Amino acid sequence: MQRITPGVARPLHGIAATRAVEAAAAANLPAHTLMQRAGEALARLALALAPHARTVWVACGPGNNGGDGLEAAALLAGTRRRVIVTWLADAQRQHRPADARQALARAQASNVTFADAPPSQADLVIDALLGIGSRRPLEGRALTWQAHMSDLLQAGVPVLAADLPSGLDADTGQGPAVRATHTLSLLTLKPGLYTAQGRDAAGEIWLDDLGASQALAAVTPTAWLAPAPAARVRPHASHKGSWGDVAVVGGASGMTGAALLAAQAALHGGAGRVLVSLLDDAGLPVDPAQPELMFRALESLAPQALHVACGCGGGDAVRGALPRLIGRAATLVLDADALNAIAADASLQALVQARCARAPQTTVLTPHPLEAARLLGCTTAQVQADRLAAATRLAEQVGAVVVLKGSGSVIAAPGALPWINPTGNGLLATAGTGDVLAGGVAARLAQGQPAAEAARDAVYAHGACADAWPAGTALTASALARRVR
């Protein structure tokens, strides 16, 4: 068993892939072995999380997830704790899984107390109501028990979810779901734990592969958890030209701040030089807060030598700049208003697709869900319903690397498995942080990283900076731009 912390690339297996791992592992084991191992793992972690717990409430569903909970309950009852099981199934029901029937018999033969209602007080809760086999929302008694879990959680009682919080979709991270302090993912890590509602529901994530490492290695994952960027050391014998020139094009009237944030992020992200072309007619001769930035008229730029971030605060004015930049920029990050312009113009879409076909791994799109929906011709709700699928579809449609921003940002590239970013938090929900990300991606492209790697690493660093933000201090985009490395 291991606690999962950010930093290491890890495979993520959705429902179908997890079923394949389970079948392959079970084929070489005596019946009921995997459920017994799951129960043992749950009981071990429960004792580690709440070693002094006297009363443990185990909420069990009718399927295999409930069977895991029943196995854990029987083991915990043997440690002289008061273990109370509330169970959603009828004891006479014959069509429940065979493993779950055997787990029930073991629990009934132990000192477990079966009750119709949960205890008013407990020292630890184990949520084993619904697993990957159910995609329906909690209802009836299960919904009532979820509310009681929430009350206990608010009172400081730890809630341990078996495999995933009940009600959470293992593939998409859609809820609503039980909110846990800890989740013990069994056999595999699931994508839904890391995106959409999963980040809030799962709490601290643990993994026990139940001894199925060989089966796990034989099944293709659904996605990957993004790793920390590799350390990069600059040779002494280098100069500003060694690290590329970034140009930020954006900042229409009233929105110059967005372009300046992207430019500052590119500068602090390691670009050798950063040029700024503001679409505001008034322009700026210099940024007193960041005098290293060099302001240039758009017409004077030589895009073929530049790594361009376009769209930050661009408004409608960015539309006229796009054909030249799409056709000629060495690498290109398309953000915000550039994406909106492309979504509304079939000729611009064709230019982007032609660019990506001609020069793969040179273009990154960084949409938030609404911008992605416009590009895909669907609704924001449809994008959010399956973020992995939406990001992958957009990457294949355009031919570019796509960063679908949000809780558990998804990085997708044509022909490759997507990555889910494990860093970041709600502090990033403030104006300008997306502009900072666009500048960070451009800086990494300028330093020679391929587009997918540059996007993945920039997203990770962006989120990690928020995770390390001083407690009690508001995160602002301008401060973030100076801290992201």
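Residues numbered from 1 in each chain as written. Predicted model: local features only at pLDDT ≥ 70, side-chain atom pairs only at ≥ 80, totals over all residues. Heavy atoms only, no water.

Draft legend 1. Spotlight on the pattern of salt bridges. This structure, assessed with the given rule, holds 8 salt bridges. In this structure, the salt-bridge partner of D208 is R44, at a minimum N-O distance of 3.1 Å. Taken as a pair, D208 in strand β9 (residues 204–208) and R44 in helix α2 (residues 33–49) lie far apart in primary sequence, 164 residues in all. Note on D208: relative accessible area 9%, which makes it buried. Classification of R44 as partly exposed rests on a relative accessible area of 45%. (Salt bridge = Lys/Arg side-chain N within 4 Å of Asp/Glu carboxyl O. Helix = DSSP H or I, 4+ residues; strand = E, 2+ residues; numbered from the N terminus. Buried < 20%, exposed > 50% of the residue type's maximum accessible area, 1.4 Å probe, protein only.)

Draft legend 2. Representation of the packing of aromatic side chains within the structure. For the coordinates displayed, the defined rule picks out 2 aromatic pairs. Judged by centre distance (6.5 Å) and plane angle (75°), the ring pair of W87 and F114 falls under edge-to-face. With W87 in strand β4 (residues 82–87) and F114 in strand β5 (residues 113–115), this pair connects stretches of sequence that are 27 residues apart. Residue W87 is classed as buried on the basis of its relative accessible area of 10%. Looking at F114, the relative accessible area reads 34%, which means it is partly exposed. (Phe/Tyr/Trp six-rings, centres within 6.5 Å; stacked < 30°, edge-to-face > 60°.)

Draft legend 3. Structural detail: the nonpolar core. Y194, V249, V308, C310, L322 and L334 are the most contacted members of the largest nonpolar core, which totals 61 residues. Per-element tally for this core: the top contributor is helix α14 (residues 387–398), with 6 residues. Residues contacting L322, with those up to four places away along its chain left out, are C310, L334, A338, A341, I342 and L348. Counting 43 residues, the second largest nonpolar core, distinct from the first, contains L34, L42, L186 and A212. (Core = buried A, V, L, I, M, F, W, Y, C linked by side-chain atoms within 4.5 Å. Contact = heavy atoms within 4.5 Å.)

Draft legend 4. Up close: the packing of helix α12 (residues 369–376) against α14. In the contact formed by α12 and α14, the axes pass within 10 Å of each other and the chain directions differ by 50°. With respect to their mutual orientation, α12 and α14 come out oblique. Where α12 crosses over α14, the handedness of that crossing is left-handed. When α12 is examined against α14, the residues P369, A372, L375 and L376 are found in contact with a partner set consisting of R387, A390, R393, L394 and Q397. Counted by class, the contact of α12 with α14 contains 6 nonpolar, 1 polar and 2 charged residues. (Axes fitted to C-alpha atoms, helices over the stretch in contact; angles between N-to-C directions. Parallel < 35°, antiparallel > 145°, perpendicular 65-115°, else oblique. Left-handed = near helix turned anticlockwise from the far one by under 90°. Nonpolar A, V, L, I, M, F, W, Y, C, P; charged D, E, K, R; others polar.)

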